[in-house]
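# Understanding the architecture of this molecule
Here is how the chains run, residue by residue.
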Amino acid sequence: MKRMAFLLISGILLASCASTKETKSTKLEKKVAEAEMIRRAVESRQYVIRLDKILTQGGGRADLVPKNNFFIMNSEIASVSLAYIGRSYFIRPISGINFNGQTTSYKMQSDPEKGLYNIQVEVEAGGNKFDFFLTIGTSGHCDISVNNPRIESTSYRGTLVPLTQVPEPTEDKKDRL
């Protein structure tokens, strides 16, 4: 009886160890696939960064709603919607940074050893120039720093999501539009 119980417990233990190894390899495969997806999105300039934290120069930190705070890079066009906490060096106070602009400069450096992409983007919109400094990890986590002469430098944290290509409408759908 004791022998049978021992064999049963041993069988269960061996089965659980075998399934753990499969889980670890599956996790590794997912991680590699995610890193490749992030690499393709960054190199093609087709991504959205959903921001969930704001860090001010004074050491303040606040949580943000990611669906309302984002940085979209779509080739040469940048769309930005960010909350802002800090000083304004302008006549009117600023509570947010919201614009669609054209990129005038995009410099990317990758560091494969650390798994990081360092990107410097200059965006012009309505006569204003914004400098964005992005640090993106292969896991999708990223930091963004925003500089502009009219506001205090502010940093954000969030996650990168690759943009998916929107399919072109087919001929019959174009006729309905």
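These lines cover the structure that appears in this document, whether it is placed above or below. (Residues numbered from 1 in each chain as written. Predicted model: local features only at pLDDT ≥ 70, side-chain atom pairs only at ≥ 80, totals over all residues. Heavy atoms only, no water.)

## Focus on the overall build of the protein
What the protein contains, in helices and strands, is two helices and nine strands. Mapped from its N terminus to its C terminus, the protein presents α and β elements in the order α-β-β-β-β-β-β-β-β-β-α. Here the protein holds 177 residues, and 28% of them are scored as buried. Partitioning the intrachain contacts of the protein with sequence separation of at least 6 by distance along the chain shows that 44% fall at a separation of at least 24. With the model as given, the accessible surface of the protein reaches about 12000 Å², and the carbon-plus-sulfur share is 55%. (Helix = DSSP H or I, 4+ residues; strand = E, 2+ residues; numbered from the N terminus. Buried < 20%, exposed > 50% of the residue type's maximum accessible area, 1.4 Å probe, protein only. Contact = heavy atoms within 4.5 Å. Areas by Shrake-Rupley, 256 points an atom, 1.4 Å probe, with all protein chains shown as cover.)

## Some points on the pairing of strand E3 (residues 70-74)
Along E3, the buried face is formed by Phe71 and Met73; none of Phe70, Ile72 and Asn74, which line the opposite face, is buried. Sheet analysis places strand E1 (residues 46-55) next to E3, joined by five bridges and oriented antiparallel. By the bridge assignment, Arg50 is partnered in E3 with Phe70. Here E3 pairs with strand E4 (residues 77-83) via five bridges, running antiparallel. By the bridge assignment for E4, Phe70 is matched with Ser81. Between E3 and E4, which pair antiparallel and follow one another directly, the connecting turn spans two residues, one of which, Ser75, has a positive phi of 65°. (Pairing = 2+ DSSP bridges.)

## As for the side chain of Ser145
Inspection of the secondary structure puts Ser145 in strand E8 (residues 141-148). The class for Ser145 is buried, based on a relative accessible area of 17%.

## Comments concerning the environment of Val32
Within the element layout of this structure, Val32 appears in helix H1 (residues 2-44). The spatial distance from the C-alpha of Val32 to the C-alpha of Thr138 is 8.9 Å, given a sequence separation of 106 residues.

## Focus on the pattern of salt bridges
Under the definition given, this model contains six salt bridges. Put simply, Arg40 and Glu36 hold a salt bridge, and the shortest N to O gap is 3.6 Å. Here Arg40 and its partner Glu36 are both found in helix H1, four residues apart, which amounts to about one turn of the helix. Salt-bridge contacts for Glu43 lead to Arg39; the nearest nitrogen and oxygen are separated by 2.7 Å. A residue pair is termed a helical-turn pair when its members lie 3 or 4 positions apart in one helix, as Glu43 and Arg39 do in helix H1 at four residues. The exposure class of Glu43 is partly exposed, given its relative accessible area of 44%. (Salt bridge = Lys/Arg side-chain N within 4 Å of Asp/Glu carboxyl O.)

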